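Residue-level structure breakdown
Here are the chains, one letter per residue:
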Amino acid sequence: IIDHCDKVNAISRQSSHYLIYPNPARNIVHIEVGQLKGLQGNLEIVNILGEAVYRTSLATNTIERISLSVNDFAAGLYYVKAYSEQSLLLQKFIIH
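In short, a report on the structure.

About the criteria used
Residues numbered from 1 in each chain as written. Predicted model: local features only at pLDDT ≥ 70, side-chain atom pairs only at ≥ 80, totals over all residues. Heavy atoms only, no water. Helix = DSSP H or I, 4+ residues; strand = E, 2+ residues; numbered from the N terminus. Contact = heavy atoms within 4.5 Å. Core = buried A, V, L, I, M, F, W, Y, C linked by side-chain atoms within 4.5 Å. Buried < 20%, exposed > 50% of the residue type's maximum accessible area, 1.4 Å probe, protein only. Salt bridge = Lys/Arg side-chain N within 4 Å of Asp/Glu carboxyl O.

**A closer look at the side chain of Glu32**
Assignment of secondary structure puts Glu32 in strand 2 (residues 28–34). If we ignore the near neighbours within four places in the chain, the residues touching Glu32 are His17, Tyr18, Leu19, Ile63, Glu64 and Arg65.

**Considerations on the nonpolar core**
Counting residues in hydrophobic clusters, the biggest one holds 20 residues, and the most contacted among them are Val33, Leu43 and Ile45. Contributions of two or more residues to this core are made by strand 1 (17–21), strand 2, strand 3 (41–47), strand 5 (63–69), strand 6 (76–83) and strand 7 (88–95). When near neighbours in sequence (up to four residues on either side) are disregarded, Ile45 contacts Ile31, Glu51, Ala52, Val53, Tyr54, Leu68, Phe73, Tyr78, Tyr79, Val80 and Phe93.

**Structural notes on the environment of Gln91**
Among the structural elements, Gln91 can be located in strand 7. Looking at Gln91, the relative accessible area reads 27%, which means it is partly exposed. In this structure the C-alpha to C-alpha distance between Gln91 and Val80, which are 11 residues apart in sequence, comes to 5.4 Å. Excluding its chain neighbours within four sequence positions, the residues that come into contact with Gln91 are Tyr18, Ile20, Tyr78, Tyr79 and Val80.

**A look at the pattern of salt bridges**
When the charged atoms of two side chains with opposite charge come close together, those side chains can pair. Considering all chains together, one arrives at three salt bridges under this definition. Residues Glu32 and Arg65 are paired through a salt bridge, measuring 3.0 Å at the closest nitrogen-oxygen approach. Placement of the pair is Glu32 in strand 2 and Arg65 in strand 5, with a sequence separation of 33 residues. Residues participating in the shared-partner salt-bridge network are Glu44, Arg55 and Lys81.

Here it is, written out as structure tokens:
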């Protein structure tokens, strides 16, 4: 039974697509998010203080590509949070 659950979890993780590049970023960051499950998805970029510095809506069950200028963001560590009522993807990136 444990082996069966591990296989199901591995399949679930592989069904989500999440890519942030370049990392570290200087002028533009490209974010690719796909296969969020649910009705409505959202994407936030959060600074190290937990403040959302960018927000947008995402389509679910498809791949969304966003190119975002980070020239106005302070240098430092940020988190990209893509989520819906059924999915949560979180990844950090750095702005120089």
